[in-house]
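Summary of structural features
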Amino acid sequence: MNGEHVLSVEDMRVWYSGPGGPVRAVDGVSFSLRPGEVLGLVGESGCGKSTLGRGLLGLLPRGAAADGTLRFDGQDVLALPAKQREALRGGGMGLIFQEPMTRLDPLMRISDHFDEALKTHEKSLSKKERQTRALDALRALGIPPTRFRNYPHEFSGGMRQRIMIALALALRPKFIVADEPTTALDVLVEAQILRILADIRERFSPAILLITHNLGIVAEACDHVAVMYAGRIVEQGPVRDIFANPSHPYTQALLRSTISLKTQNLHSIPGAPPDLVAPPAGCRFHPRCEHAMQVCPAKQPPQFQPHRSECWLLEPALTGAERAPLEREEVSVADEA
Amino acid sequence: MSVNLPELEGTETALALSGGGRKHSRIPGVDAMRATAGFQRGMLVAGVVIVLFFAVLALFAPWIAPYGFDDDRTADGKVFGRLIAPSSQNWFGTTAGGEDVFSRVVWGAQTALEVILLAVSISIVVGVPLGLVSGYLGGWLDRMLVLVTDALFAFPSLLLAIIVNIAIVGGTSSQVGGILAAAISITVVYVPQYFRVVRNATVAAREEPYVEAARALGAPKYVVMLRYIFGNVVQTVPVIATLNAGDAILTLAGLGFLGYGIEPSAGAEWGHDLSRAVSDTAAGIWWTGLYPGIAIVLIVVGVTLVGESLNDVLNPLLRTAKVSQVVLPERAAEQPE
Amino acid sequence: MATTKTSSGSLRSYLITRLLLVIPMVWILVTLVFFVLRVVGNPIKSAFGQLPPEEIARREHAAGLDRPLITQYWSYLKNVAHLDFGVALTDHTPISEILRVNGAATLELTFWAVVFALAVGVPLGRIAARHRDRFPDVGLRLFGVLAYAIPVFFLGLLLKLLFSVQLGWLPVSGRASPEVEVAINEVTPNTHLYLINSILYGDNEYIWDVIKHTILPAVALGLLVAGIFLRLVRVNLLQTLRSDYVEAARARGIRERRVVRKHAFKNALIPVITVMGLQIAALLGGAVLTEETFEWQGIGYKLVYYLGRQDYIAVQGIVTAIAVIVALISFLIDVIAAVIDPRVRY
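Computed from a prediction, not measured in an experiment: that's the story for all the values here. (Residues numbered from 1 in each chain as written. Chains lettered and ligands numbered in written order. Predicted model: local features only at pLDDT ≥ 70, side-chain atom pairs only at ≥ 80, totals over all residues. Heavy atoms only, no water.)

**Focus on the overall build of chain B**
Within chain B, the secondary structure is distributed over 13 helices and 0 strands. Reading chain B from its N terminus to its C terminus gives the helix and strand order α-α-α-α-α-α-α-α-α-α-α-α-α. Of all 337 residues assigned to chain B, the portion counted as buried reaches 51%. Considering only intrachain contacts with a sequence separation of at least 6, the fraction spanning at least 24 residues in chain B is 71%. (Helix = DSSP H or I, 4+ residues; strand = E, 2+ residues; numbered from the N terminus. Buried < 20%, exposed > 50% of the residue type's maximum accessible area, 1.4 Å probe, protein only. Contact = heavy atoms within 4.5 Å.)

What follows is the structure, given as structure tokens:
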């Protein structure tokens, strides 16, 4: 693994348009990836993970806006004209979607899907070469060549997801966003897909951003993990380190709430997911944090090493007043809903 | 022993329509109207204005029309003359039978509105309960009714109306029947529409969890139907009614054109006038056909505009998405880095 | 679920199922027509009311109308199953002949009307969807509403006033000029389709004559359906443009133009085909009115003719035939839809 980053993101914001005002789905996010690295992006539903994934590829709904610095393969992507950004999609940066059942054109055979994608990105290939590439990718994913000319509806959900992955891989992208690729599938199929992902890493070594809410997947498939909350990454680092020594209260709460055979009591995080239109002031986790101090709602915490954690607890130089516990109203049951 | 069932606030439809917090109106259709915006609201307003215009014409026909619909002379006995071009005495000219075109157009509005209101009301009164009961109870009754209505659907509505009209009126050469006969002929054609829409909505609503809950609490069938399903299903009826009204007007005009529907001595009817005007055109006479024709077009456009804009609102995909472009503000100086 | 049957196997069973469903539909319509028209009372009396009672009784017996209603119904059903729709009371023309000769006229008219409607409605619907809520869309949607709101006979009237009377470019009525009509009907084989006949006949003037006569009626009838297609394509395209597979195609970097054309548009067209089946009914109703307006001698024209003479046996025959035709055409549409969309197979 060489030291050159294939993707680096600095202070990226992606806001989209909502009925109550702009939704600050991604509000200042920074991370980077080397070739072959797998970064797991975890967080609750609605924390902005999917928007970030799509924002990297520029697939945003009408009225959305993005800024910050996004460097891919040396280029400043956000500064590129639309046509060139479009050219990057698929060939440079791939995306694997969450729901495989509806992601293939019902009127086109699988072979046509591959042919179309390869024709768009690798114009120098002949028809035969395209077909070989496609069959290779499918074989790597466990789809036999006899099914090459079938229609999407003739495959199960798990198979369709594998086809989607093969389709993404056939274009040999350097970076892939996998947006909750196994959420819609049952656990057996999930295990299959994860095994395949590990296989892909060995063979093609793309950089992968694996978006998920399942910490188990992160533990198994990822090198690094970034924990996202309310549009910001509150902690990131190597998976082993983070799982062993989480420094942000939110990460700690997430890890505590996972269930294993040894679980005696259920832990949950009190309160409700934050409103991304008007996120809490200062540290966004403070309304739900059991260690909240007076300084937390007042100022946005800086990042502290070793995990770039955004938490005031890690600041040694706090005044006594700042360190005093924060008084909060009892979270009433109705608010939880 | 009556069970105290909780009041239901609304369904998906109602909530979607109440646009974030506003009071959900019990009157079907009002919510849909409130939710329109921009171009759709313009369509709605234009349509309502047109319909009201014709309603006024119809209601105040005796005062607006200068002459009776089959008068061929003024009150003091001055004969108009046949096929006179538009003049100060006859604003729209006269017909081959010497009647005043303008008056016939105005009286035609009254005829049209009477028949349509009657037809639509009867259709709703018959079709909606039938659809509700059939959809909810299911079984062989439902299956049979669906088969019958599907068959009726496939058949040209004009021909159906003609046949029914013949049957009602007895088929003898002299009578063609009055307003009621015409209305019933049209009703038979449109009852299947209401039936089908309400039945399908009922079948869908029947599977909803809240209905299951009501039944689990012991609610008798008719209470479930009336209180839970009816309220949701009925929201779609105004849209169907307006779209139907337009079609019904065209059917009535078609009947009149072919010599069915309203008997000439019972009232003026636009379609009938157009049938007489066809032979006039060969001689270049345009006023006998143009004005009744424009009247038909105008009122159908008005009614359809109302129906279309309501329909757009109820279909979430088509609702004018009030999407405003997000503008990212300058970076807040929150980061003490 | 991976299918174990081959595609063609499931297609065949689907089509057989659909065909079987056609039968109850036809039966219901045919029964409806029979009983409603019998409610009228005695068809003989209606048509020949002025004849002396013995003559009426004789004709009733000859037509089998003095048998019990159920017997009449049963023999009626049997005849329909053999595609025998009876004989007109007033002029003894077999209905099957009317279907052959005048049915061809209606077929020609509706064919060109549909061609026109597709050629106009589909591209316009696409333009409207692409420019959603902007000026072209607004204008085209209003056009769609207008096309639907104009009664086909009013439109015919206006077209006649403009193109026939004012400008004199096109004829006022009929399928062809009288001498042309006579000539091309001598052609063997006589398809009764005037365009084909005139081509077989070989005279360019005659071919042009037939074309000129077809234009106004086809446009009048076609415009109504064009409006429907326009709105349909627009709505469906708006939906498919938002679909998951379109988003996935964009994520693969497929050019936007191709995404719209190949993915969104093609999928949007499928409901158009199924709706076309429903439009057959509207089309036939409109055809009756168009034929009346332009004196186009199709079955609609004949129907009105027999209605005018109160020949309810003829009316019954024609309307029953129409019911059967409608059912068969809707089955045909099902076949086409199933062939085009690989998902639609049980």
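**Some thoughts on the overall build of chain A**
The secondary structure content of chain A amounts to 11 helices and 10 strands. Here the C-alpha atoms of chain A give a radius of gyration of 21 Å, agreeing with the 20 Å that 2.2 N^0.38 yields for 337 residues. Once the C-alpha set of chain A is aligned to its principal axes, its extents read approximately 70 × 50 × 45 Å. Here chain A, with 337 residues, has 55% of them falling under the buried criterion. Expressed as a percentage of contacts within chain A between residues at least 6 apart in sequence, the contacts between residues at least 24 apart total 67%. Accessible surface for chain A amounts to roughly 15200 Å². Of this, 51% is attributable to carbon and sulfur atoms. Of the side-chain charges in chain A, 38 are positive and 39 negative, and the distance between the mean point of each set is 7 Å. (Rg over C-alpha atoms; globule rule 2.2 N^0.38 Å. Areas by Shrake-Rupley, 256 points an atom, 1.4 Å probe, with all protein chains shown as cover. Lys, Arg positive; Asp, Glu negative; His and termini not counted. Charge placed at Lys NZ, Arg CZ, Asp CG, Glu CD.)

**A word on the interface of chain C and chain B**
Listed per partner, the contact involves 50 residues of chain C and 57 residues of chain B. With both sides pooled, the region where chain C packs onto chain B buries about 4500 Å², and carbon together with sulfur makes up 79% of that total. The interface formed by chain C and chain B includes 2 salt bridges. Here Glu308(B) ties to Arg141(C) by a salt bridge, and the two come within 3.7 Å at their closest N and O atoms. Taken together, chain C and chain B are joined by 2 residue pairs in polar contact (both at pLDDT 80 or more). Listed by contribution, the elements that provide at least two residues to the side of chain C that touches chain B are α1 (7-39), α6 (135-149), α7 (152-166), α10 (204-241), α12 (256-294), α13 (299-308) and α14 (312-340) of chain C. Top element by residues in the side of chain C that touches chain B is α1(C). It accounts for 9 residues. Class assignment for the residues of the side of chain C that touches chain B results in 38 nonpolar, 5 polar and 7 charged. (Buried area = accessible area lost by both parts, 1.4 Å probe. Salt bridge = Lys/Arg side-chain N within 4 Å of Asp/Glu carboxyl O. Polar contact = N/O pair within 3.5 Å; in protein donor to acceptor, adjacent residues only side chain to side chain. Nonpolar A, V, L, I, M, F, W, Y, C, P; charged D, E, K, R; others polar.)

**With respect to the domain arrangement of chain A**
All names here are of chain A. Split into domains, chain A comes out as domain 1 (7-107 + 154-235) and domain 2 (271-336). Computed over C-alpha atoms, the centres of domain 1 and domain 2 are 28 Å apart. The junction of domain 1 with domain 2 conceals about 1400 Å² of combined surface from both sides, 49% of it contributed by carbon and sulfur atoms. Our count for the domain 1 to domain 2 interface comes out at 3 salt bridges. (Domains from an automatic or database assignment.)

**Here's the deal with the pairing of strand β1 (residues 7-18) of chain A**
Residues and elements named next belong to chain A. Burial analysis of β1 places 9 of its 12 residues in the buried class, which makes it a mostly covered element. Bridge count between β1 and strand β4 (residues 65-72): 7 bridges; the pairing is antiparallel. Paired with tryptophan 15 across the two strands is alanine 65, which belongs to β4. In terms of strand pairing, β1 meets strand β2 (residues 21-33) through 9 bridges, oriented antiparallel. Bridge pairing in β2 links valine 14 to valine 26. (Pairing = 2+ DSSP bridges.)

**A short note on unusual backbone geometry**
All names here are of chain A. The omega angle of the peptide bond from glutamine 305 to proline 306 is 10 degrees, so this bond is cis rather than trans. Position of proline 306 among the secondary structure elements: in the loop between α9 (249-256) and α10 (320-323). Look at alanine 230: it is not a glycine, yet its phi comes out positive at around 50 degrees. The topology assignment puts alanine 230 in the loop between β9 (224-229) and β10 (232-238). Positive phi values are uncommon outside glycine, yet arginine 308 reaches one of about 55 degrees. Tracing the backbone shows arginine 308 in the loop between α9 and α10. For arginine 308, a relative accessible area of 28% corresponds to the partly exposed category.

**What about α9(A)?**
All of the buried residues in α9(A) are Pro249(A), Tyr250(A), Thr251(A), Ala253(A) and Leu254(A). Next to the buried residues of α9(A) lie α7 (215-221), β9, β10 and α8 (239-244) of chain A.

**A closer look at the sheet that holds β4(A)**
Residue and element names in this part refer to chain A. Across the sheet, 4 strands lie side by side as β2-β1-β4-β5; this open sheet has antiparallel pairing. Both outer strands of the open sheet, β2 and β5 (75-76), are each paired with one neighbouring strand and no more. Packing of helix α1 (residues 49-57) onto the sheet brings it into contact with β1, β2 and β4, and relative to β1 it is tilted by some 110 degrees. (Axes fitted to C-alpha atoms, helices over the stretch in contact; angles between N-to-C directions.)

**Points about the side chain of Ser247(A)**
Residue and element names in this part refer to chain A. Relative to the elements of secondary structure, serine 247 occurs in the loop between α8 and α9. Separated by 2.8 Å, the side chains of serine 247 and glutamate 235 make a polar contact. With residues near it in sequence (within four places) discarded, serine 247 still touches Glu235, Gln252, His307, Ser309 and Leu314.

**Some thoughts on the interface of chain A and chain C**
Between chain A and chain C, the contact holds 31 residues from the first and 25 residues from the second. A buried area of about 2500 Å², summed over both sides, lies between chain A and chain C, and 54% of it is on carbon and sulfur atoms. Across the contact surface, chain A and chain C share 5 salt bridges. Measuring nitrogen to oxygen at the nearest pair gives 3.2 Å for the salt bridge that ties Arg255(C) to Glu86(A). At the level of elements, α1, β6 (93-96), α3 (110-121) and α5 (157-170) of chain A are the ones that each hand at least two residues to the side of chain A that touches chain C. Looking at the side of chain A that touches chain C residue by residue, the classes come out as 15 nonpolar, 7 polar and 9 charged.

**Considering the environment of Leu132(B)**
One can find Leu132(B) in helix α5 (residues 101-137). Excluding its chain neighbours within four sequence positions, the residues that come into contact with Leu132(B) are Val198(B), Thr202(B), Met225(B), Ile229(B) and Phe230(B).

**A few points about the sheet that holds strand β7 (residues 175-179) of chain A**
Residue and element names in this part refer to chain A. Read from one edge to the other, the open sheet built from 6 strands follows the order β6-β7-β8-β3-β9-β10, with strand pairing classed as mixed. On the outer flanks of this sheet lie β6 and β10, each paired with one strand and no other. Within the sheet, the average angular offset between the axes of one strand and its neighbour, ignoring direction, is 15 degrees. Two strands pair when backbone bridges link them, and strand β3 (residues 38-42) and β9 are joined in this way by 4 bridges, in the parallel orientation. Residue pairing in the sheet places leucine 41 in a bridge with alanine 226 of β9. Its contacts with the sheet put α9 on β9 and β10, and the angle it makes with β9 is roughly 105 degrees.

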